[in-house]
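Letter by letter, the chains look like this.
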Amino acid sequence: MPQETPARIAQTLASHGYNAEREAITLLSGAANPEAALVAAVDAAPPDALVLTADHVRAALEDGPAAERTGGEATPAADPSVSGGDDPPESDAGAGASPVETKGSFERDPDRSKRSLSVAGDITGESTGTGEYDEFVTVFRDRYEKLSKQLRGRVNHRPTDSLEAMPGGGEAGLVGMVNDVRSTANGHWLVELEDTKGTFPCLVMKDKPIADLVDQLLLDEVVAIDGTLSDDGGIVFVDSMHFPDIPRTYSPSTADRHVQAALISDVHVGSEEFMADAWHRFTDWLHTEDAQHVEYLLIAGDMVEGVGVYPDQDDELDVVDIYDQYRAFSEHLKEVPGDMEILMIPGNHDAVRLAEPQPGFDEELRDIMSAHDARITGNPSMVTVEGVDILMYHGVSLDEVIAELPEDQASYDEPHKAMFQLLKKRHVAPQYGGHTRLAPEEKDYLVMEEVPDVFHTGHVHKLGWGQYRKVIAVNSGCWQAQTDFQKSVNIDPDAGFAPILDLDTLEMTVHKFS
Ligand code: D5M
Ligand code: FE
Ligand code: ZN
């Protein structure tokens, strides 16, 4: 008989339309014949029950031969090969004869009123863009307004038209969007800044310490500069440069109780490289006592591999139909314990518009993925979990940041450093026109108006986390082994990891399942 792990049992129950109490699953996996017990329990449950309770299972077990519990031979609750961080997970049902309903069993905190999860900045259902040129003007104007507000206090801003009218030699401050960055014949930098009135050239001398900051500039980000007007008044010599940035005094919020969130991304179901075994080990682990406090699962995009996302992608598809891919993903999601909250945003492989902000999945896809009652929101979204603001963004702009910035500032090996840059720029996708596609909207949803406590991205398939001015940045790796493309460009993905965040302390531990 194939071994019925808790995750497999939960999945089967979910496919029958049931969420299950944790104890119900423990009881089933501890039964002598879990498969028979499962069938009996489903039969015994009232047809209108939404949740399979421990009482349903007990009733079923008392009625049939499946009631005998395993004797000396343990039925492990979890695959023993799971490497849950440092300690292999304890298996409650593995205690064999010990009755699971008393000590030795565990439950996620049954008091759901302690949980809270809310979403802000979600484009879903709010999109007004029709793609007209004017709307691009509107979205950039909104970006400028929001970010210049954050920068105004730092310099004595003069609009570009009044700078033009000023006599040479005086002090000048300007808040502007980076329109162009060029090096001059002498190796200095000419940065053209744009505000709502026009553009103005700003010269950064190569021997000034701030010249290093020019390397960090991306087109379309908003910065402030201070400097001196040239004698003819036609250019500013830059003395200082400021990013909107995270205030140094920023202090993050934390949850009031010990509770954890698993931050994962890039599942890529439907790809030949999707690592089903690692995924099963992860979901099995979620059913163990070790994961008792993991009450939230946040997925940062690329649920499925999609179709036609990259050239020659078809060669590596395991499931070719996009809806079938979501059906398969949904089956995998059903392995996650029913007593966890799930939230997901789309990524560039998902079947929503590619331009950012991306709305959450449409009704048809929600329907396919409905079994777990997951919360579905747009990319990006600010998700507040028990008081902790988690900015979730898939991460396509990270490719851009990594391509444009010096290696020590941003690299695939240290994706969190690229995230630090986005935090500094207070925008999840500053540069428009390269990897990142931007949808024109009435406002710029991609600006970080509020400072997040945690910034969670994926996309680059590399694991990395760190702290930038007390904000935790986590890029959470993937569940897809190396693709041919990645092999050709030497990207070695970090697959099969689950970063687990303590919401009360903001400490991170990473569990490996591959
Ligand atoms: O992309 C995962 C990572 O790999 C991300 O850094 C982009 C890069 N990638 C993967 N395939 C391609 C192709 N064909 N061209 C360019 N860049 C690619 P994800 O989109 O999450 O699969
Ligand atoms: Fe991906
Ligand atoms: Zn992606």
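Treat the numbers as computed from the prediction; the structure is a model and nothing was measured.

## Comments concerning the sheet that holds strand S11 (residues 341–344)
- The 6 strands lie next to each other as S12-S11-S10-S9-S18-S19, forming an open sheet whose pairing is mixed. Looking at strand neighbours, the two that pair on one side only are strand S12 (375–376) and strand S19 (508–512), the edges of this open sheet.
- Of the strand pairs in this sheet, strand S9 (residues 260–264) and strand S10 (residues 294–299) are connected by 5 bridges, and their pairing is parallel. Residue pairing in the sheet places Ile264 in a bridge with Ile299 of S10.

## Side note on the packing of aromatic side chains
- Tallied over the entire structure, the rule returns 10 aromatic pairs.
- Ring geometry for Phe136 against Tyr432: centres 5.7 Å apart, planes inclined by 45 degrees, an arrangement best described as tilted. With a gap of 296 residues between them, Phe136 in helix H5 (residues 133–151) and Tyr432 in the loop between helix H12 (415–425) and strand S15 (454–457) connect regions that are remote in the sequence.
- Ring centres of Phe420 and Tyr468 lie 5.4 Å apart, and the angle between their planes is 25 degrees; on these two criteria the pair is classed as stacked. Taken together, the positions of Phe420 in helix H12 and Tyr468 in strand S16 (residues 463–468) put the pair 48 residues apart, joining distant regions of the chain. Side by side, Phe420 and Tyr468 carry an identical accessibility label, which is buried.
- Among the aromatic residues, those joined into a cluster by ring pairs are Trp279, Phe282, Trp285, Trp479 and Phe513.

## With respect to the layout of surface pockets
- For the largest pocket, the calculated volume is near 830 Å³.
- For the largest pocket, the lining is made up of 36 residues, of which Val309, Tyr310, Asn348, His349 and His459 are closest to its centre.
- For the lining of the largest pocket, the secondary structure elements donating two or more residues are helix H11 (396–404) and helix H13 (484–488).
- Looking at the lining of the largest pocket residue by residue, the classes come out as 12 nonpolar, 14 polar and 10 charged.

The rules we used
Starting afresh in each chain, residues are numbered from 1 along the sequence in its written order. Just so you know, chain letters begin at A and ligand numbers begin at 1, following the order they were written in. It should be noted that, the model being predicted, local features are given only for residues of pLDDT at least 70 and side-chain atom pairs only at 80 or more, the latter also being counted only at that level, while totals for whole chains, interfaces and linings use all residues. Excluded from the side-chain calculations are hydrogens and water; all other atoms, namely the structure's heavy atoms, are used. The pairing criterion is simple: DSSP has to find at least two bridges between the two strands. Working definition: helices are DSSP H or I runs of at least four residues, strands are E runs of at least two. Numbering for both runs from the N terminus. Working definition: a ring pair exists when centres of Phe, Tyr or Trp rings (six-membered ring for Trp) sit within 6.5 Å. Plane angles under 30 degrees give stacked, over 60 give edge-to-face, the rest tilted. The rule is simple: take the accessible area with a 1.4 Å probe, protein chains only, and divide by the maximum for that residue type; under 20% is buried, over 50% is exposed, in between is partly exposed. Using protein atoms alone on a 1 Å grid, points that fit a 1.4 Å probe yet trap it form a cavity, whereas open point sets bounded by protein on both sides within 12 Å along at least five of seven lines form a pocket; residues with an atom within 4 Å of a point count as lining. Grid points are joined across faces, edges and corners, and a volume is the space filled by probe spheres set on the points. In this classification, Asp, Glu, Lys and Arg are treated as charged, Ala, Val, Leu, Ile, Met, Phe, Trp, Tyr, Cys and Pro as nonpolar, and every other residue, Gly included, as polar.

The analysis is restricted to geometry; functional conclusions fall outside its scope.
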